[in-house]
Amino acid sequence: QLQLVESGGGLVQPGGSLRLSCELPGGTLGYYSISWARQISGRDREIISCMSSTGATAYVDSVKGRFTISADSDKNTVYLQMNSLKSEDTAVYYCAAGPRYFSSTVCLGGGMNYWGKGTLVTVSP
């Protein structure tokens with residue numbers, strides 16, 4: 001069972017930035033597609049960004065241009081840099097791993113096999 005451990009959540013003011021981390025202890029980044037998802041209170045969980053096993057990236061429109069997914073293979077860690085945060089970005093953020101053969105756009109549609117426990121991001125004055 002692959003483990004994913006998120007960290008970096010917290011309270012940030014509107015317009016601020018935050019970087020989330022997702023470690024894969026015991027896993028190898030290149031074997032998976034990796035996504036970041038979020039669940040806003042009262043809504044379904046939504047995948048917002050993906051990175052394929054080859055490093056291609058994709059984003060949903062609501063975060064495009066503000067969020068950036070990246071990876072450090074030496075640290076076996078994926079990041080989500082979040083800039084220009086808005087109150088509507090308040091959510092629990094999850095990372096997930098899926099099939100190696102998923103493209104970054106296919107990954108946005110779901111099909112992840114392993115999920116972390118999430119980290120809370122609150123955007124508030």
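Per chain, the residues get numbers from 1 upward, laid out in the order the sequence is written. Where totals are concerned, whole chains, interfaces and linings use all residues; where local detail is concerned, this predicted model gives features only for residues with pLDDT of at least 70, and gives and counts side-chain atom pairs only at 80 or more. Excluded from the side-chain calculation are hydrogens and water; included are all heavy atoms of the structure.

> What is the right way to look at the pairing of strand β4 (residues 33-39) in this model?
Regular strands show a simple pattern: their side chains alternate between the two faces of the sheet. Among the seven residues that make up β4, six are buried, leaving the element largely enclosed by the rest of the structure. DSSP calls a pair of strands paired once it identifies at least 2 bridges connecting them. Secondary structure elements are defined from DSSP: runs of H or I of at least 4 residues count as helices, runs of E of at least 2 residues count as strands, and each element is numbered from the N terminus. Sheet topology places β4 next to strand β9 (residues 91-98); seven bridges connect them, and they run antiparallel. Within β9, the position partnered with Ala37 by the bridge is Tyr94. Bridge analysis of β4 against strand β5 (residues 46-51) gives five bridges, and the strand direction is antiparallel. Across the sheet, the residue bridging to Arg38 is Glu46, located in β5. Between β4 and β5, which follow one another and run antiparallel, lie six residues, and Gly42 among them has a positive phi close to 85°. Categorising residues by exposure relies on relative accessible area from a 1.4 Å probe, with only protein chains included: less than 20% of the type maximum marks a residue as buried, more than 50% marks it as exposed, and the intermediate range marks it as partly exposed.

> Just checking my understanding: could you explain the nonpolar core for this structure?
Soluble globular proteins tend to bury their nonpolar side chains together. Side-chain atoms within 4.5 Å link the members of a nonpolar core, which is a set of buried Ala, Val, Leu, Ile, Met, Phe, Trp, Tyr and Cys residues. Core analysis: the biggest nonpolar cluster contains 29 residues, and Leu24, Trp36, Ile48, Phe67, Leu80, Met82 and Tyr93 have the highest contact counts within it. If you list the elements that add at least two residues to this core, you get β3 (18-23), β4, β5, β7 (67-72), β8 (77-82), β9 and β11 (119-123). Per element, the largest residue contribution to this core is four residues, and it comes from β9. If you look at the next biggest cluster of nonpolar residues, it comprises seven residues, including Cys50, Ala96, Phe102 and Cys107.

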